[in-house]
Each structure stands twice: as C-alpha cells, then as structure tokens.
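Summary of structural features
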Amino acid sequence: MAKLKKLLIGALALCLTLSAAACGGTPSGSSVESTGGSTGGSSGSTGEKKEFVLQIYSGGYGSEMWNYVLKKFVKEHPEYNVVSHISNTVNDAFKNRWMEGNPPDFVFLDGNDIKKTTWLEEGLLYDMTDWLKTATVYGSDEKISDKINMDYAFRYTEEDGNEIIYGMPLVVSSYGMWYDETYFNEKKYTVPTNYDELVSWTQKNATKDVPSLIYPGVYSGYLVQGLILPALAEVGDEFYKKVETASDPEVYVSAEFKTVMNRFADYVKMTNAVASCASMDHILSQQEWLNHKAAFIPNGLWLRKEMAQRKEIPEGFEMRYTPSPLVKQQQIILSSAVTFGIAKQAKNREAALEFARYLYQDDVIKEFVKQSDSPSVAKNVNLDGVEISDVLKYTQSVLSNENYKIVMHTGSWGGVDTVFNDGVNSIIADEKTVDEVCEELRKVAAKQLS
C-alpha cells in the first residue's frame, strides 16, 4: 500500500469513518431538490443552463441552513440549473457516482458513508489553496482566508509531499460527554472532571436502571472521540500527533497508550458503568439517554438539533456538554470544524467556487450558527440578535473556558479508526484484552506505512 497520507490540520474532522461529524437522524422525506427556475428530480440537461450539482448530508444539522443560502444563490445565478440533493441518505446514494468518476460539483464533507479517506488517496478532491489566495466573500472585497480561522481548514499531504487544502470550514465541531443538568440538579450530582471523580461518581450513583454511560455500539467511534481521545491528548502533543496520524505504529503499544486504554477498560468494567447498548445506533442510544436510561452519552455538537428535529427532547431536559472525564488532570477539548469540499472532477467547478463565496457572507454565517447549534469559524461576526439555543450558549462558554486545553483534531487515520472502534466494543464485551487491541492497532498502522 502507498505510504500513509496524513491529514495535517483541521479537527475532529468528520468524525471517524463510522461516526460522522453529524449523524443520520433526519426524518425520512427530507430530501430537497432546488433548481434554477424550476423544481424537480431531474438532473439532466436544461437547455443552455449549466448544471450545478450539490451533495448535502442533512442528518444532524438539518437542511434549513442550506436552503437559506441556496435560495440566495439561485436567485442571483439564473444561468445555472442548481440541483441540490439534500437528505440523510445522500452519501450512500452518491457512493457509486464518485467511484464511476461522475461526482457532484460540491459536497458537504459530513455524515455517514463519506469516503473522505478514499477520495483523498485517489485524488478526487479539489485543492483550494490557489483559489484562496484571491477568493473574496461574495459581495465584498474581504478575502475569505482573512475572515475565517484557517486553522480549521482541512489539509492533506499527498505522496509527493504536496499539501492541499481540501476542506473549508463552516462551523466549529467537537465531541464531548453530555448530561441533563436538570436531572443532575435534582439528584444533587456533581459532574466528574477527571478519572478519579468518574470512578467515584459511578460507584456512588450509577444503578442498573440508570448506568453511568450509554453510547451507540454500532457507531462506537462516538465513544472513542468523546471519551478516549481527549485522555490520549492529555499525554502530550507529540504523542497525540503520532496517535491520530498513525505515523508511528509503535505508539499503539507504548506504555502511555496502554495506560489510557487500561484506565478505560477499568472504568467500563465497573458495575453499572455501561448500559447494554452494543446493538444500538446513534438515534436509539440518544433516545434512551433522553429518557434517563443513562447519565452520560458521548456525542457531537449537533446533538440538540438532531433530536429537536425529531421532537424527542423531553420538557425540562437541559442538555449540557462537558469535556471527557477519562483524563487524569487536564481536561481536553478536541476542536474541529464541519467542512465542505469540491470534486476535482467537478463538471461545474466555477459554480461550486462561486457558491462557496456565499457561505462566508455574514447573514449566511449567522444562519449556519443558528441552525447548526455550533460556534462560527469566522473571526469577527456579531451574533447579537441571532436566535441561538441555550445549549449553544452553554457550549460556547465551555469552549472558551481557559481551564480547558484546546487541541486540534485532524480526523481520520485510515484503517486504524475501524480497528480502534471495534476494539473498544471488544474490551467492553470482555472479548479482547487491552494488549490484544493495542497490538491490532500496531499491525494495521504498520501495514498502512509499508
């Protein structure tokens, strides 16, 4: 296999392969098609108009923010036939088109079944580096690269050493542990901030009916992202970089790595620590958590939006986000962004790049913040007057808390994530030891580098 290609910056980036930066929870029937001047499902020729095709995953963040900006774009660009495929199954539906060399022009790099790693390895995503040197926000002279925090852009190093910018950030993303503040106040519970407190909390408060933790066993990357990776990041920056880039296979069998994994194993094997959730997907585990079938759940910032769309949040339930308590001392927030990309083989790259300029207009930025329940990647956007949820307000206070260390998370590490995700399930089920899982991680990382 070719030498492992590393994602260099960006963040939690689209989650791991199975977890997705936002999950597929949008109700069926939410697919939207917008065309310049007409409505319909056809993606064929429309006379002289050049077709502009978008692939947008709506699970988690919904479709409202996309419909908002698409309406503006369609109105001001009648020369394009805009066909926007927006649904929570769109990534699976477009899978063959990417494989067959017929991708959409624009893609929201989020959701289940995004084959980002494969697309990068095969050179299927457009490098926006040169474009960004002069690209301005639509309707102004302000350069996009000046308006937003470019630390959140997703970069990738190709085999020849060339670095590309393939993912442009829209809103901030992060995984953490979630709890119901109302419930905790009623029970007079204190939120654990480190491993010793987590163990103590579980011993004192967890019960068979309300265990300490629930997670989607089908998508165990949520647990890796929200609970384990922050504890690994606490070890040190260089160590963590090796872990998440899979650049040094031996890091997975190191004493430092095993210490964190043994800490995790000791916790999950405690009485009433983990709910029976091996067969649950993200929606079912979230429903169980909302019904107080567990105290904590690992998840991303889209959680409130996703469950609000389904009208499943109980009255009085106050969702709150907190960093992983698996750390020994320093709480860590892994910060990332939700991004978009453009296909290298796009048939209408001109329209895709023009549309991208709209995404950084102030009103569009505010709409994305409002609809996504996530902080903006823009440096100086005044959100006064923007209707945002109390969950976002609280999350912003957590993300800006100087007591927490912010670590950028670069995202997928190739096939290592699948082994990691399967491994945590095996540890919880007592099917494999920590040493066995660590050795499997070392082997797959070594194979990728060979």
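Residues numbered from 1 in each chain as written. Predicted model: local features only at pLDDT ≥ 70, side-chain atom pairs only at ≥ 80, totals over all residues. Heavy atoms only, no water.

**As for the overall build of the protein chain**
Looking only at helices and strands, the protein chain features 18 helices and 10 strands. Per-residue burial over the protein chain gives 59% buried out of 450 residues. The long-range fraction of contacts in the protein chain, counting pairs at least 24 apart against all pairs at least 6 apart in sequence, stands at 80%. Carbon together with sulfur atoms contributes 45% to the accessible area of the protein chain, which is approximately 17,800 Å² in total. (Helix = DSSP H or I, 4+ residues; strand = E, 2+ residues; numbered from the N terminus. Buried < 20%, exposed > 50% of the residue type's maximum accessible area, 1.4 Å probe, protein only. Contact = heavy atoms within 4.5 Å. Areas by Shrake-Rupley, 256 points an atom, 1.4 Å probe, with all protein chains shown as cover.)

**A short note on the packing of helix H9 (residues 221-235) against helix H11 (residues 255-268)**
Packing of H9 against H11 brings their axes to within 10 Å, and their N-to-C directions diverge by 140 degrees. Looking at the two axes, H9 sits oblique to H11. The handedness of the crossing between H9 and H11 comes out as right-handed. Side by side, H9 and H11 meet where Leu223, Leu227, Ile228, Ala231, Leu232, Glu234 and Val235 of the first sit next to Glu256, Phe257, Val260, Met261, Arg263, Phe264 and Tyr267 of the second. Broken down by class, the residue content of the contact of H9 with H11 amounts to 11 nonpolar, no polar and 3 charged. (Axes fitted to C-alpha atoms, helices over the stretch in contact; angles between N-to-C directions. Parallel < 35°, antiparallel > 145°, perpendicular 65-115°, else oblique. Left-handed = near helix turned anticlockwise from the far one by under 90°. Nonpolar A, V, L, I, M, F, W, Y, C, P; charged D, E, K, R; others polar.)

**Focus on the nonpolar core**
Counting 78 residues, the largest nonpolar core has Leu232, Phe257, Phe264 and Phe420 as its most contacted members. The residues touching Phe257, leaving out its near neighbours within four places in the chain, are Leu232, Phe239, Val243, Val251, Tyr252, Phe420, Cys438 and Leu441. Formed by 67 residues, the second largest nonpolar core is a distinct cluster that contains Leu70, Met150, Tyr175 and Ala337. (Core = buried A, V, L, I, M, F, W, Y, C linked by side-chain atoms within 4.5 Å.)

**Regarding the environment of Pro216**
Tracing the backbone through its elements, the reader meets Pro216 in the loop between helix H8 (195-205) and H9. Considered as a pair, Pro216 and His282 are 66 residues apart in the sequence and their alpha carbons are 4.8 Å apart. Not counting the four nearest positions on each side in its chain, Pro216 is found in contact with Tyr222, Cys277, Met280, Asp281, His282 and Ser285.

**Re the packing of aromatic side chains**
All told, the structure shown has 32 aromatic pairs when counted by the stated rule. Their ring planes at 70 degrees and their centres at 5.8 Å tell us that Trp66 and Phe106 sit as a pair that is edge-to-face. Placement of Trp66 in helix H1 (residues 64-76) and of Phe106 in strand S4 (residues 106-109) is noted, with a sequence separation of 40 residues between them. The exposure classification of Trp66 matches that of Phe106, with both residues buried. Considering the side-chain rings of Tyr138 and Tyr358, the 4.1 Å spacing of their centres and the 20 degrees angle between planes classify their relative orientation as stacked. Of the two residues, Tyr138 is situated in the loop between helix H5 (129-132) and helix H6 (144-147) and Tyr358 in helix H14 (residues 349-358); the sequence distance between them amounts to 220 residues. (Phe/Tyr/Trp six-rings, centres within 6.5 Å; stacked < 30°, edge-to-face > 60°.)

**Regarding the side chain of Ser376**
Tracing the backbone through its elements, the reader meets Ser376 in the loop between helix H15 (362-372) and helix H16 (390-399). There is a polar contact of 2.9 Å between the side chain of Ser376 and the backbone nitrogen of Ala378. Setting aside residues up to four positions removed in sequence, Ser376 forms contacts with Val172, Ile365 and Val369. (Polar contact = N/O pair within 3.5 Å; in protein donor to acceptor, adjacent residues only side chain to side chain.)

These results come straight from atomic positions and should not be treated as a statement about function.
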